[in-house]
Protein chains: 4
Amino acid sequence: MKAARLYEYDPDLKGTEFVRLEDVPEPRIEEPDDVIVRVGGAGLCRTDIHVIQGLWDEALVVEPPYVLGHENAGWVEEVGSGVRHLSPGEAVAVLPGLSCGLCRACRRGVDNLCETLVWIGIQKDGGFAELVRARERNLIRLPNGLTPRDAAPYADAGLTAYHAAKRAAAVVPPDGTAVILGVGGLGHAAIQALRALSPARIVAVDISEVARQLAEDLGVEEVVDGSDSPVERVHDLTQGKGADVVLDFVAEGDVPAQAVAMLRPGGTCLVVGYGGTLEVPTMDLLTEKRIIGNIGGTSAEMLELIALAGRGTIRLEIQEFPLDRINEAIADLRDLRIRGRAVLVP
Amino acid sequence: MKAARLYEYDPDLKGTEFVRLEDVPEPRIEEPDDVIVRVGGAGLCRTDIHVIQGLWDEALVVEPPYVLGHENAGWVEEVGSGVRHLSPGEAVAVLPGLSCGLCRACRRGVDNLCETLVWIGIQKDGGFAELVRARERNLIRLPNGLTPRDAAPYADAGLTAYHAAKRAAAVVPPDGTAVILGVGGLGHAAIQALRALSPARIVAVDISEVARQLAEDLGVEEVVDGSDSPVERVHDLTQGKGADVVLDFVAEGDVPAQAVAMLRPGGTCLVVGYGGTLEVPTMDLLTEKRIIGNIGGTSAEMLELIALAGRGTIRLEIQEFPLDRINEAIADLRDLRIRGRAVLVP
Amino acid sequence: MKAARLYEYDPDLKGTEFVRLEDVPEPRIEEPDDVIVRVGGAGLCRTDIHVIQGLWDEALVVEPPYVLGHENAGWVEEVGSGVRHLSPGEAVAVLPGLSCGLCRACRRGVDNLCETLVWIGIQKDGGFAELVRARERNLIRLPNGLTPRDAAPYADAGLTAYHAAKRAAAVVPPDGTAVILGVGGLGHAAIQALRALSPARIVAVDISEVARQLAEDLGVEEVVDGSDSPVERVHDLTQGKGADVVLDFVAEGDVPAQAVAMLRPGGTCLVVGYGGTLEVPTMDLLTEKRIIGNIGGTSAEMLELIALAGRGTIRLEIQEFPLDRINEAIADLRDLRIRGRAVLVP
Amino acid sequence: MKAARLYEYDPDLKGTEFVRLEDVPEPRIEEPDDVIVRVGGAGLCRTDIHVIQGLWDEALVVEPPYVLGHENAGWVEEVGSGVRHLSPGEAVAVLPGLSCGLCRACRRGVDNLCETLVWIGIQKDGGFAELVRARERNLIRLPNGLTPRDAAPYADAGLTAYHAAKRAAAVVPPDGTAVILGVGGLGHAAIQALRALSPARIVAVDISEVARQLAEDLGVEEVVDGSDSPVERVHDLTQGKGADVVLDFVAEGDVPAQAVAMLRPGGTCLVVGYGGTLEVPTMDLLTEKRIIGNIGGTSAEMLELIALAGRGTIRLEIQEFPLDRINEAIADLRDLRIRGRAVLVP
């Protein structure tokens, strides 16, 4: 089958052929709960850029070459002998992290922290291909009206944003204020999720005018230019008290420190992005501020998100590329030319 | 192999051969996640009495004859091709409810409410036998020093009590009062679990002097005779305010109404037993009382409980019977001659 | 000043002069935290009907005659020497339950369960008058644009509905189903509050066509006739699983039993209305159903609700009556001729 | 009356007369909810050392001279006209932070985050004196058998430790592991509180042998030398998984980074001490670690703690000094010669 494989890292992203399109053997059922999925769409993610740069090298247990693509949806092609609830032909989203279902974390319902999590498209062959192998646990059936192509970005960008937004909604009072730092793919999903889950006022912050426009189009109450004293602006907008919750989708440069500085006493900073370093004097924590890391979402949250997506409550904008043009899509993502999420279709 | 099978219901328990000991074919691996367990101990439960009486007839999907026994522990004998984490020879407790791991409830970590739960020993062959078939999801590895014989009662009585005690500990303030109604097998486990999880004062209520003695032996602060105005006694002991939480292990006769009447405003009644009817004027709920049903426990809670059992924090008293004498054990349970939990050993 | 006082109970509500309009002495500051409020509006509540019937006789600590009216808003007229945060002229809503601020419940933030709660308009003189005496703790400042006349119904109907809706939102998953039983004054507020707090699907049930029309006008997804097998309808609408949460604003006749029967395993019934009796076999609780009483709301919730009301998120419909026509308003309420909430204006 | 007043800061603590013992006017009732307390004991705290050094200069709104002492207990001497629940002669603990009872935080039950909190003994005259002025809200009645002298350290050290321990107990599973960094006054109270609230295994870490001995005397399961690779030790003790919760009572030097590094995925670091700086790469938060600040405790928690102290569940060791020898006590604290808590008795 056709697949796009990574062969070597390109730290500066100066190349033009980041991955090679080639013919590879089709994946086969190897374990009883394996499921082969015919890919209908595979989202391209900033993490793919990081993988290509070699930033995740240490975490990888397989050596290149392998097939990238961790944000997939498609149709069940074939099921293993132990698969009980899925049949060929059904449309499904593919959760990127393969969880075991049996460890302490999985049994508690926090399978995004599974003790033996393996990432499809990062630690084993992914979905920039015609077929991808997953496990029954990681497949979520799609509702009528949501095609695999449209559903793909929910499997990672959507789920990560939803997970953080749900945590935000749990801590922001209905008359409180939530700040979204970074209105990109995740931020724009988080705004919609938070809007559905809470009547709290939303303040969106971004240094890009395009992103701020997107926030305004989504009906965000207050949109702030991130390069123009955002900490002061948030304090002004909250009568000097600060925000109840901040979702940091940037997490680089000055942003982590700004995020914590924007909080009211007892407020919560949800760190979703990664890259930078957070530095905070412990004396500043005497106001009971909370800093909480985030990774993906649970499979139970994916059930909720897919249901909300099917009803149109949360809509992710996509830009379709044929799989043949994947290197072009990667260059466009690198150069910030993608609007919404690039989705590759084999 | 040797097994004790139920052939027909005995509503009045007047017989002497409740189950028939006979030779039956050994269970075999049928699905990839099946595990055959060599039984080391199988607890005898009041629910077995109810099953023999035919009270669960409606809920049963298999017809007699079948093997009773839902509270089992033993050693892994053989594993299916999809079993990843267990090997022959390992000592395990067997959770009685077979959960799917994939429904909404299982994914959320509340697998005691699995949408397709099937009970071993009630809806399919159980552990009053030399071997029993379970699934990988339902097996919890035992720590060193805890034998299957001793571990068996934790699989149902212990887990149910622990589940309720954990909920109680979550709602009773550290300076509050918890009432245990019924100090039998479950009640005496719940006292120990609650003591481990909360410094709240415990009041134990029972109409039996033996049970009250057991409560005193466990160091319970206040022991009350259930036939002597227990509602008034609880109000007296709490300066007229009432209890923060009541765990009702009886749930028959006047007890459910007493349980609710003992509560302070905002207090919680955890109904664990079953049989009687609860009748409460809605006006009495204007004080924000809470009435909450309970069934078994989650597999994550079983991990916790088994760890606490291994450390000796919670100890269940057992009385061993060889499997050959099962009908005698059933008669003893019927006639209240069992101290602690009867455990059958093949 | 002018005030409407209750002199004697009228169990069958056959009279025409339920309360007497007369001249009474103005209330004065008696304790340092007392505040005299000039009434701008006082809502008429079904509980007033119950008080007039004598149903609350046992709970009353004052003897008639006294001034009814527990749902008030107005302007600060005079403050005691210990009042720190309010000044004459400020517009305020008056929480009906006078809480102490110092007991265990108040310190925990659940001041609707204050150990020494006293109800204005039920246990002491209320707001069907020109002036009413309250305490600083019980006054919530109104935002610009929300007049006391419009704000009055939030003090009891709005707050009670909001309190229950907030609890419902905490237990219904975003892709779940909430059922509202009774779309009257509270129910129609609860629908709006729940809509703001959760994207869960709402099913509204009422036996009155007018009420069902109101639910439809509010955009409720599914509206069910309460006299046409509502339990079956809810199960049909949820693929046989049942509702995640039911808010019972009726709590009379068959409704409490229907409410519990509608629940899925693990589901929650919030009992808000009162009058009838709940009867449930404890065996039916083995699915971990939860039955939870409700009374009013906390003062912290009132802060939230008033903020949402100021932003127009939750709108209560009112029908204004001059205080002189209070007996006419009471008759209209008795005869179900009020649309929304009747508010008396002195 | 006799009082110990601070006149000027001593950054290096080289003096011998840190505060001056002198005769000052007695405090009088000024507001209706004021209460004058005759001091029975006043704890000496490391924060007093910091205040003397001038570290809190910015936060102070009063200028020296003023009376230090924020950890007080005594007997009600006189009450204002608005005090409803206390009478002269009653023994009380004095919460150090004067909260308003009316702001959003107070109404929610988190009065340790009161929007207008004022600290007795730091921002206004404290308890190193014969009398101190407090407010009714801040006084917690003592149970029989707990004298003001013994109760004083619970008002700050005890409460702060209890608050953190209660949060820890809420996140550590019963079969999990909690780490206490620093077994001083707070740490040794936290060990006892955590032991009462959870059966989780406790690991205590300190660089001082005396402190480690104290941890062992308290029955801590694992005691680790903080200067000997504590991060590795914690990982070894948890099969490489890390701790579920870490309570950092040190928060200086390398300790904050060690605290975060010790956590398992999803684990929680409660920062209680202050002084140092926390620096963490946002990529390290991808495992959903949580860092949470702490300040004091709520007044509801103080009710719980005092009840547990009265029952002997949590015991704080004290070393009594007459108020006349306060400068000697301060020098002893500076030079680490105090065992447990120094309490000044007028």
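As the structure is a computational prediction, the values presented were derived from the model and not from experiment.

**Observations concerning the overall build of chain A**
The helix and strand inventory of chain A stands at 10 helices and 19 strands. Computed over the C-alpha atoms, the radius of gyration of chain A is 20 Å, within 12% of the 20 Å expected from 2.2 N^0.38 for a compact globule of 346 residues. Its C-alpha atoms give chain A principal-axis dimensions of about 60 × 45 × 40 Å. In chain A, buried positions account for 62% of the 346 residues. Restricting to contacts in chain A with at least 6 residues of sequence separation, those with at least 24 account for 68%. Approximately 12,700 Å² of chain A is accessible, and the part contributed by carbon and sulfur atoms is 47%. Put simply, chain A has 34 plus and 52 minus side-chain charges, and the middle of one group is 5 Å from the middle of the other.

**Observations regarding the layout of surface pockets**
Taken as a whole, the second largest pocket encloses approximately 530 Å³ of empty space. Along its surface, the second largest pocket is lined by 19 residues, and Ile140, Arg141 and Leu303 of chain A together with Leu102 and Arg104 of chain B are the ones closest to its centre. At the level of secondary structure, the elements contributing two or more residues to the lining of the second largest pocket comprise strand S10 (139-141) and helix H9 (299-310) of chain A together with helix H2 (104-107) of chain B. Here the lining of the second largest pocket is built from residues that sort into 11 nonpolar, two polar and six charged.

**With respect to the interface of chain A and chain B**
Taken residue by residue, the interface counts 23 residues in chain A and 23 residues in chain B. Both faces combined, the contact of chain A with chain B buries some 2,100 Å², and carbon together with sulfur accounts for 47% of it. It is Arg84, Leu102 and Arg107 of chain A in chain A that bury the most area against chain B; as a group they hold 34% of the surface buried on that side. The interface formed by chain A and chain B includes six salt bridges.

**Side note on the pairing of strand S3 (residues 34-43) of chain D**
Residues in a regular strand project their side chains so that they alternate between the two faces of the sheet. Residue and element names in this part refer to chain D. Extensive coverage of S3 is indicated by the burial of nine of its 10 residues. Where S3 lies against strand S9 (residues 131-135), five bridges are found, and the strand directions are antiparallel. Looking at S9, one finds that Arg38 is bridged to Leu131. Across seven bridges, the pairing between S3 and strand S5 (residues 72-79) is antiparallel. Residue pairing for S5: Val35 is matched across the bridge by Val79.

**Some details on the pattern of salt bridges**
Throughout the structure, instances matching the rule amount to 100 salt bridges over all chains. A salt bridge links Asp34 of chain C to Arg133 of chain C; the shortest N-O distance between them is 4.0 Å. Within this pair, whereas Asp34 of chain C is found in strand S3 (residues 34-43), its partner Arg133 of chain C is found in strand S9 (residues 131-135), the two being separated by 99 residues in sequence. There is no split in this pair, since Asp34 of chain C and Arg133 of chain C are both buried. Shared partners join several salt bridges into a network, and the residues in it are Arg104 and Arg108 of chain A, Lys166 and Glu304 of chain B together with Asp175 of chain D.

**With respect to the side chain of Thr238 of chain A**
All names here are of chain A. With respect to the helices and strands, Thr238 occurs in the loop between helix H7 (230-237) and strand S14 (243-248). On the accessibility criterion, Thr238 (5% relative accessible area) is buried. A distance of 2.8 Å separates a polar atom in the side chain of Thr238 from the backbone oxygen of Val234. In contact with Thr238, not counting residues within four places along its chain, are Thr177 and Arg201.

**Concerning helix H6 (residues 209-217) of chain D**
Since one α-helical turn is 3.6 residues long, residues separated by three or four positions face the same way. Residue and element names in this part refer to chain D. Buried within H6 we find Ala211, Arg212 and Ala215. Seen end-on, H6 carries its buried residues on one side only, within an arc spanning 100°. Facing away from the buried side of H6, by more than 90 degrees, are the exposed residues Glu209, Val210 and Asp217. On its buried face, H6 is in contact with helix H5 (185-197), strand S12 (201-206) and strand S13 (222-225). Among the residues of H6, the N-terminal cap falls to Ser208, whose side-chain oxygen and the backbone nitrogen of Val210 are separated by 3.2 Å. Phi turns positive, to about 85°, at Gly219, one or two residues after H6.

**What to know about the packing of helix H1 (residues 46-53) of chain B against helix H10 (residues 326-334) of chain B**
The geometry of a pair of packed helices is captured by two quantities: the angle between their axes and the separation between those axes. Residue and element names in this part refer to chain B. Contact geometry of H1 with H10 gives a least axis separation of 10 Å together with a crossing angle of 100°. In terms of axis orientation, H1 runs roughly perpendicular to H10. Across from Arg46, Ile49 and Ile52 in H1, the residues of H10 making contact are Ile330, Leu333 and Arg334. Tallied by class, residues from the contact of H1 with H10 come to four nonpolar, no polar and two charged.

**Things to note about the domain arrangement of chain A**
Residue and element names in this part refer to chain A. Annotation of chain A at the domain level lists domain 1 (2-155 + 297-345) and domain 2 (159-293). If you average the C-alpha positions of domain 1 and of domain 2, the two centres end up 28 Å apart. Listed per partner, the contact involves 20 residues of domain 1 and 11 residues of domain 2. Taking both sides of the interface into account, the surface hidden between domain 1 and domain 2 amounts to around 1,400 Å²; carbon and sulfur atoms contribute 58%. It is Gly297, Glu301 and Ile314 that lose the most area in domain 1 upon contact with domain 2, and together they represent 29% of the buried surface on that side.

**Thoughts on the relation of the copies chain D and chain A**
Note on the identical chains: chain D maps onto chain A by a rotation of 180° and an axial translation of 0.0 Å, with an RMSD of 0.0 Å. Such a combination of turn and shift is consistent with a two-fold rotation axis. Judged by C-alpha distance, Glu279 of chain D is the residue of chain D that lies nearest the rotation axis, at 2.2 Å. Here 100% of the interface residues in chain D have copies in chain A that are interface residues too; the copies meet face to matching face.

**Concerning the interface of chain D and chain A**
Taken residue by residue, the interface counts 39 residues in chain D and 39 residues in chain A. Taken together, both faces of the contact between chain D and chain A bury some 3,200 Å²; the carbon and sulfur share is 56%. When the area that chain D buries against chain A is broken down by residue, the three leading residues are Thr282, Leu286 and Glu288 of chain D, summing to 22%. Between Arg104 of chain A and Asp175 of chain D there is a salt bridge, with its nearest N and O atoms 2.0 Å apart. Our count for the contact surface shared by chain D and chain A stands at 22 residue pairs in polar contact (both at pLDDT 80 or more). Listing elements by their share of the side of chain D that touches chain A, those giving two or more residues are helix H4 (157-171), strand S15 (263-271), strand S16 (277-281) and strand S17 (290-293) of chain D. Counting residues per element, the side of chain D that touches chain A draws most heavily on S16 of chain D, at five residues.

**What to know about unusual backbone geometry**
With the exception of glycine, most residues fall at negative phi, and the peptide bonds are largely trans. Residue Pro65 of chain C is bonded to the preceding Pro64 of chain C through a cis peptide linkage, with omega at 5°. Positive phi outside glycine occurs at Gln239 of chain B, with the angle close to 50°. In this structure, Gln239 of chain B sits in the loop between helix H7 (230-237) and strand S14 (243-248). Overall, Gln239 of chain B belongs to the exposed group, its relative accessible area being 66%.

**Remarks on the sheet that holds S14 of chain A**
Across the sheet, 12 strands lie side by side as S13(A)-S12(A)-S11(A)-S14(A)-S15(A)-S17(A)-S17(D)-S15(D)-S14(D)-S11(D)-S12(D)-S13(D); this open sheet has mixed pairing. A single partner strand is all that each edge strand has here, and the edge strands are strand S13 (222-225) of chain A together with S13 of chain D. Recorded for the sheet is a direction-independent mean angle of 15° between the axes of neighbouring strands. As paired elements, S14 of chain A and strand S15 (residues 263-271) of chain A share five bridges and run parallel to each other. Within the sheet, the bridge partner assigned to Ala243 of chain A lies in S15 of chain A and is Leu263 of chain A. In this fold helix H6 (residues 209-217) of chain A packs onto strand S12 (201-206) and S13 of chain A, with an angle of close to 175° to the strand it touches most, S13 of chain A. Lying on the sheet, H6 of chain D is in contact with S12 and S13 of chain D; it crosses S13 of chain D at an angle near 175°.

**Focus: the side chain of Glu22 of chain C**
Residues and elements named next belong to chain C. On the secondary structure map, Glu22 appears in strand S2 (residues 20-23). A polar contact is formed between the side chain of Glu22 and the side chain of Arg5, at a distance of 2.6 Å. Among the polar contacts listed, one links the side chain of Glu22 to the side chain of Tyr7, at a separation of 2.8 Å.

**Examining the packing of aromatic side chains**
What the rule picks out here adds up to zero aromatic pairs over all chains. Across the ring face of Tyr7 of chain A, the terminal group of Arg20 of chain A is positioned such that the distance to the ring centre comes to 3.7 Å.

**Let's talk about the environment of Ala309 of chain A**
All names here are of chain A. Within the fold, Ala309 resides in helix H9. The class of Ala309 is buried, set by a relative accessible area of 8%. Each C-alpha atom, one on Ala309 and one on Val246, is 24 Å from the other, the two residues being 63 residues apart in sequence. In this structure Ala309 touches Leu146, Tyr154 and Ile314, once residues within four positions along its chain are discounted.

What counts and what doesn't
Residues numbered from 1 in each chain as written. Chains lettered and ligands numbered in written order. Predicted model: local features only at pLDDT ≥ 70, side-chain atom pairs only at ≥ 80, totals over all residues. Heavy atoms only, no water. Helix = DSSP H or I, 4+ residues; strand = E, 2+ residues; numbered from the N terminus. Rg over C-alpha atoms; globule rule 2.2 N^0.38 Å. Buried < 20%, exposed > 50% of the residue type's maximum accessible area, 1.4 Å probe, protein only. Contact = heavy atoms within 4.5 Å. Areas by Shrake-Rupley, 256 points an atom, 1.4 Å probe, with all protein chains shown as cover. Lys, Arg positive; Asp, Glu negative; His and termini not counted. Charge placed at Lys NZ, Arg CZ, Asp CG, Glu CD. 1 Å grid on protein atoms, 1.4 Å probe; cavity = no way out; pocket = protein on both sides within 12 Å on 5 of 7 lines; lining within 4 Å. Points joined across faces, edges and corners; volume = space filled by probe spheres on them. Nonpolar A, V, L, I, M, F, W, Y, C, P; charged D, E, K, R; others polar. Buried area = accessible area lost by both parts, 1.4 Å probe. Salt bridge = Lys/Arg side-chain N within 4 Å of Asp/Glu carboxyl O. Pairing = 2+ DSSP bridges. Polar contact = N/O pair within 3.5 Å; in protein donor to acceptor, adjacent residues only side chain to side chain. Arc of directions from axis to C-beta. Axes fitted to C-alpha atoms, helices over the stretch in contact; angles between N-to-C directions. Parallel < 35°, antiparallel > 145°, perpendicular 65-115°, else oblique. Domains from an automatic or database assignment. Least-squares fit on C-alpha atoms with pLDDT ≥ 70 in both. Phe/Tyr/Trp six-rings, centres within 6.5 Å; stacked < 30°, edge-to-face > 60°. Lys NZ or Arg CZ within 6 Å of the ring centre and 35° of its normal.

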